[in-house]
Amino acid sequence: PRVRRPSARTTRSPASVLFAIFAGSPRQSAWCSMTWASSTLLLLLLLLLGTAAATRAPLPPLIAALTEAASRGASSFTIPRGDYHFGDTLIDIHSLVNFSVVAPGVTFWFSRGGGLRLFDCWNLRWSGSHPSAPFVIDYDPPLYAQGRVTRVGDLTSSGKVEAVFDSGFPMPSQREEVFSKARTAKVAFWDPSTRTMRRDLREDAINLFWERSTALGDEGRRWRVELRGARKVASYSTPVSVGDLVTVAPISYPHALSVSGSESVTLQAFHIYGASSMGIVEAAGRGGNVYENMRIGRRDGSSRLLSTNADGLHSNGVMRGPTLRSSEIAFTGDDLFNVHNSISVVIDRLSDTEIVVVDPKDIIFDVLKKGDEFAFYDVNSRAPIATGPLSSPPLLFDGAGWPERIGSLRATLRRHNLALASSLSLALSRVILLQFKESLPAAVQAFTTLGQGVGIGSGSSISDSWLHDSYARLALATASDTRIERVLFQRSGGVHIGIEDDLWWLEGDIAGVRNVQVVDSILQECGEPAVHATRRARDVVLHGNTIQRHSQQVPAPPFLLPPFPPVPPAMPPSPPAPPPLTPPSTPPPLAPPPLEPPLPPLSPPPPPPPPPPSAVATTVLEACIAILGVISLVTAALVSRGSRLRRMAKRADGIEIRLARGLSIHSAVSADGSAGVEIRAGAAGPLSERAEKQERVVVL
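As a convention, each chain's residues are numbered from 1 in the sequence order in which they are written. Per-residue local features are limited, in this predicted model, to residues with pLDDT of at least 70; the limit for side-chain atom pairs, both in listing and counting, is 80 or more; totals at the level of whole chains, interfaces and linings are taken over all residues. Just so you know, side-chain values use all the structure's heavy atoms and leave hydrogens and water out.

1. Examining the overall build of the protein
Working step 1: Check the secondary structure of the protein and you find eleven helices and 44 strands.
Working step 2: Partly exposed describes any residue whose relative accessible area lies between the buried limit of under 20% and the exposed limit of over 50%, with all areas from a 1.4 Å probe on protein chains only and scaled to the type maximum. Expressed as a percentage of its 700 residues, the buried residues of the protein come to 51%.
Working step 3: In what follows, a contact means two residues having at least one pair of non-hydrogen atoms within 4.5 Å. For the protein, restricting intrachain contacts to residue pairs at least 6 apart in sequence, the fraction spanning at least 24 positions comes to 74%.
Working step 4: Summed over its atoms, the accessible surface of the protein is roughly 33400 Å², and 56% of this surface lies on carbon and sulfur atoms. Here a helix means four or more residues in a row that DSSP labels H or I, a strand means two or more in a row labelled E, and each is numbered from the N terminus. Method for areas: the Shrake-Rupley scheme with a 1.4 Å probe, in which residue coverage is limited to the protein chains shown.

If you want it as C-alpha cells, here you go:
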C-alpha cells in the first residue's frame, strides 16, 4: 500500500512556483523547453498571481517579535501591558521550547474568527500576574445574542418566545456572521435578579436549540425566537416569564485558545472572557499541561451573561491529562470541564500486522509513537480483543482504494450501527495505517472493531477550584486515573464518570474508566445524582463530599484569593520607659507590605525588534527576478534584429532562460560587432550541454 509518511506541511506561493519553473533545477528541466510565446504568457500569469499572494497580511508585529526572540534562543519574552486588537486574525505560534511569555496586564482582543493557537510547544510558560493583572483573551463585540423576554405565551407547545435584544450584542439572525457560520445555537433563560440559568435540576443539560428568528420591529431589536426542545421548560422549578433574560449562543470554530501537539505547557493567571466555541482546547501531543490561577468567566463589571458558547476546558486525547488548580470556570455554554480518550474505528485489514483505522478526532497520528500500546475492542460488547505495541509511528494512508471509498464511509458505518455526530470528520486525512510487531487475532476486522491508544488522557486532576453555572455538566471524567479534590461545584448538571453505551462523539475509554476519585468537595444544586458513574466505570472513590440541594451566591472561595503576607507574632509588653527629656519626634507611619511586587507604570509599548525575513519578502524577491525575465524576453522580441539570430531561435527547441540564484548577466559583443546582453545559465544537466552548443545573445 502507498503511505504518506509524516512530514512538515509546506505551502508554496504562486511566485515561488514561478521561480521553480525558471530556476533551472534538473527536476523542472522539462518546463524550460517551451516556446517563447507560451513561456511569456505563463510567466505573466504567474507573476500576477504571485503579486496578489505577496499582498497577504503579514504576521502581527508583536507576535513576529515574540517568535523571533524564541528563534534566536532567548529564554523569555515580555509583552508590554496594554490592549492589543487583532480582529478576526488567528494567531498561530509554533515550537516555543523552554520559553516563557510574561504578559501582566495584557489583553488580546479578537472578533469572530480570531483566537490564539499554540502548536508543538514544549516546556512553555505563559503567565500574567494573579489576581490584579492577568493575561486576558476577550472578544468585541460579544459572540452571542442577549436580551429580555417580552412575551411568553404557551412556550412549551408553540416553542416560540418574543424578546428585545440588546444593541451591544448580535441579533439572533442568519444575517449576523456569528449565526450564519454556526453549526448550532443554544438558548438559555436567566433569572434577572441572580443572573443564573433557569433549568430542570434533574437534567444534566438544558439543551434548548435555536431554530429560527423573525424580526418584529423596534428598530430591529424585537424578535420572535423559535426553539427546539421547548417542552423541557415545563419542568423548570421557576417558569419562564416576562422580564427574564435570554441568550442565544451560536457555536462555531475557532476556540479562544488551542494548545495542539504540545507537552508541559503552563498557563498561569490566564483569563478568558469570551469564545465562539470553547475557552481552551488541548488536543494531541504528550500533554501534562498545567492551568493555574485560570479564570474562564464573566469580565468584572460587564453586563454579559455567558463566558463561552461551548465548553470551558476541553482535553481531547492528549497522552497525559491536564492539571487544573486554584482556578474558576463559570457561565459556559456547555460543559465546564471535559477530559477524554479518543476512539477510532477499524475500516480495513491489510495483513496480520497492518490495520487501517479512521480517527475522526485526529489524535493518534500526533500522539502515538513507536512502541506505544494500542488496544482493540468488539464494537457491540466492548469486550477487549487484543493489545499490542506499534512497530512504527502511525502513517497517513491513501492506498487500497480509500481515496475513492472515503466518500461513502459514513453510510457504511451507519449500516454497521455506528452513527456518529455530523461534526466528526471522516476525511482521507483521518485514515491511518497502524503497524504492529506481532500478528493480531482474526477477530480484528473492519467495521466490527474499535481501537484506541492505551492510557491516552489519563492522569488529569482538578484541585482547590470553583466550577459553577454551566449550561450542561460540571465535569466529564471519561479518561482513567482522574482525581478531583477540594472543589466547590455549583448550579450545573453534575459530575459524570465514564462513557455511555452510544458512540456518538467517539470519546472515552472503551473498556470503562478506572480509578476516578472525587474527594473533599462540595456540590450544591448539581443535579440528581450529583455524581453519576456509568456501569462500565471501575474503582470509583467518593469520599468526604458534601451534596446540597440548594446553593447561594458566594464570593470567590478562599483558595482562589492571593496569599497574604504572614502576620508577625505579638510582642510581649515591655517595661515602662522613663519619661523622655525632650519630646520625641513622631516617626512616619509604616506602609503595609504589598501583596505582590508593584507593576510597572502604564506606558506605550516600545517598538518591537524587526521581524526576521518573512515569506512576503522572499515572494517579492522572486517576483523581481521574474520581472527581469519578462523584460529580457519582451526586449528580445521587439528590438532583436538580424536573420542569424532569428534562424537560431527558430531551430532551437524553444528559448531556454533559467533564472536562479547563480544567474550571471554579462555584457557581450556579437560577431557583427553590435553590443548586447548575454544571459548565461550555469546549471548542470542536459539543457546546459545544449546551451554550450548554441550562443544565447540578446541584442539590445
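2. Some details on helix H3 (residues 61-71)
Working step 1: For H3, the set of buried residues is Leu 62, Ile 63, Ala 64, Ala 65, Leu 66, Glu 68 and Ala 69.
Working step 2: Buried residues in H3 make contact with strand S2 (76-78), strand S3 (82-87), strand S4 (90-94), strand S5 (97-102), strand S6 (106-110) and strand S8 (122-127).
Working step 3: One or two steps after H3, the chain reaches Gly 73, where phi turns positive at roughly 95 degrees.

3. Focus on the nonpolar core
Working step 1: Membership of the largest hydrophobic core comes to 101 residues, with the highest contact counts inside it found for Ile 79, Phe 108, Trp 126, Ile 137, Phe 189, Leu 257 and Phe 270.
Working step 2: Side-chain atoms within 4.5 Å link the members of a nonpolar core, which is a set of buried Ala, Val, Leu, Ile, Met, Phe, Trp, Tyr and Cys residues. In terms of nonpolar packing, the next biggest core, distinct from the first, is built from 26 residues, Phe 397, Leu 426, Val 431 and Ile 510 among them.

4. Looking at the packing of aromatic side chains
Working step 1: Between 30 and 60 degrees the pair is tilted, below 30 it is stacked and above 60 it is edge-to-face, where a pair is any two Phe, Tyr or Trp rings, Trp via its six-membered ring, whose centres lie within 6.5 Å. Taken as a whole, this structure holds 13 aromatic pairs when the rule is applied.
Working step 2: Ring centres of Phe 110 and Tyr 139 lie 5.9 Å apart, and the angle between their planes is 40 degrees; this geometry places the pair in the tilted category. Of the two residues, Phe 110 is situated in strand S6 and Tyr 139 in strand S9 (residues 135-139); the sequence distance between them amounts to 29 residues. For the pair Phe 110 and Tyr 139, one class covers both residues: buried.
Working step 3: Ring plane angle 65 degrees and centroid distance 6.5 Å describe the contact between Trp 126 and Phe 270, whose orientation is recorded as edge-to-face. Separated by 144 residues along the polypeptide, Trp 126 in strand S8 and Phe 270 in strand S18 (residues 270-272) bring together distant segments of the chain.
Working step 4: You can call Trp 126 buried: its relative accessible area is 0%.
Working step 5: Judged by its relative accessible area of 1%, Phe 270 is buried.
Working step 6: Ring pairs connect the aromatic residues Tyr 84, Phe 86, Phe 108, Phe 110, Trp 126, Phe 135, Tyr 139 and Phe 270, which therefore count as one cluster.
Working step 7: Lysine and arginine charges are scored as sitting over a ring when NZ or CZ, respectively, is within 6 Å of the ring centre and within 35 degrees of the ring normal. Sitting above the plane of the Trp 402 ring, Arg 405 keeps its charged end 3.9 Å from the centroid.

5. Brief notes about the pattern of salt bridges
Working step 1: Think of a salt bridge as a Lys or Arg side-chain nitrogen and an Asp or Glu carboxyl oxygen that are within 4 Å of each other. If you walk through the whole model with that rule in mind, you get 27 salt bridges.
Working step 2: With a closest N to O distance of 2.7 Å, Glu 211 and Arg 228 form a salt bridge. Within this pair, whereas Glu 211 is found in strand S13 (residues 208-217), its partner Arg 228 is found in strand S14 (residues 222-228), the two being separated by 17 residues in sequence.
Working step 3: For Glu 211, a relative accessible area of 32% gives the class partly exposed.
Working step 4: You can call Arg 228 partly exposed: its relative accessible area is 44%.
Working step 5: For Asp 300, the salt bridge identified is with Arg 295, shortest N-O distance 3.1 Å.
Working step 6: Owing to a relative accessible area of 61%, Asp 300 belongs among the exposed residues under this scheme.

6. Section: the sheet that holds strand S36 (residues 495-497)
What holds strands together in a sheet is hydrogen bonding between their backbones, with the strands either parallel or antiparallel.
Working step 1: Taken in spatial order, the nine strands of this open sheet run S4-S7-S16-S19-S22-S25-S34-S36-S39, and their pairing is parallel. Looking at strand neighbours, the two that pair on one side only are S4 and strand S39 (531-533), the edges of this open sheet. The mean inter-strand angle of the sheet, taken between neighbouring strand axes irrespective of direction, is 10 degrees.
Working step 2: Bridging between strand S22 (residues 313-316) and strand S25 (residues 337-340) involves four bridges; their strand directions are parallel. Counted as the bridge partner of Asn 316 is His 340 from S25. Here, a strand pair is defined by DSSP locating no fewer than two bridges between the strands. Where helices are involved, their axes are fitted lines through C-alpha atoms of the stretch in contact, as for all axes, and angles between N-to-C directions lie from 0 to 180°.

7. Describing the environment of Ser 262
Working step 1: Examined against the element boundaries, Ser 262 turns out to sit in the loop between strand S16 (257-260) and strand S17 (266-268).
Working step 2: The class for Ser 262 is buried, based on a relative accessible area of 2%.
Working step 3: For the pair Ser 262 and Phe 119, spaced 143 residues apart in sequence, the C-alpha to C-alpha distance is 6.4 Å.
Working step 4: With near-sequence residues (within four places) excluded, Ser 262 lies in contact with Leu 118, Phe 119, Asp 120, Cys 121, Ala 284, Gly 285, Arg 286, Gly 287 and Asn 289.
Working step 5: Within the structure, the side chain of Ser 262 is placed 3.0 Å from the backbone nitrogen of Cys 121, a separation counted as a polar contact.
Working step 6: Polar contacts, as counted here, are pairs of nitrogen or oxygen atoms within 3.5 Å of one another; within protein the pair requires one atom able to donate a hydrogen and one able to accept it, and residues that are adjacent in sequence qualify only if both atoms are side-chain atoms. Polar contacts involving the side chain of Ser 262 include one to the main-chain carbonyl oxygen of Ser 260, which spans 3.0 Å.

8. Examining the sheet that holds S13
Working step 1: Spatially, six strands are ordered S10-S11-S14-S13-S12-S15 in a closed barrel, and the strand pairing comes out antiparallel. Strand-to-strand twist in this sheet, taken as the mean axis angle between neighbours without regard to direction, amounts to 45 degrees.

9. Overview of the environment of Thr 266
Working step 1: Summarising the element assignment, Thr 266 is placed in strand S17.
Working step 2: A relative accessible area of 16% places Thr 266 in the buried class.
Working step 3: Excluding residues that lie within four positions of it along the chain, Thr 266 makes contacts with Leu 124, Arg 125, Trp 126 and Val 290.

10. A word on the side chain of Asp 334
Working step 1: The residue Asp 334 is located in the loop between strand S24 (328-332) and S25 in this model.
Working step 2: At 2.2 Å, the side chain of Asp 334 and the side chain of Lys 186 are in polar contact.
Working step 3: Leave out the neighbours within four places in its chain, and Asp 334 touches Lys 186, Ala 310, Asp 311, Ser 470, Tyr 471 and Ala 472.

11. Side note on the pairing of strand S15 (residues 245-251)
For a regular strand, side-chain orientation follows a simple rule: the groups alternate between the two sheet faces.
Working step 1: The buried fraction of S15 is high, at seven of seven residues.
Working step 2: In the sheet, strand S10 (residues 145-151) pairs with S15 via four bridges, with the strands oriented antiparallel. Note on S15: the bridge partner recorded for Ala 145 is Val 248.

Fair warning: the whole summary comes from geometry, so function is off the table for now.
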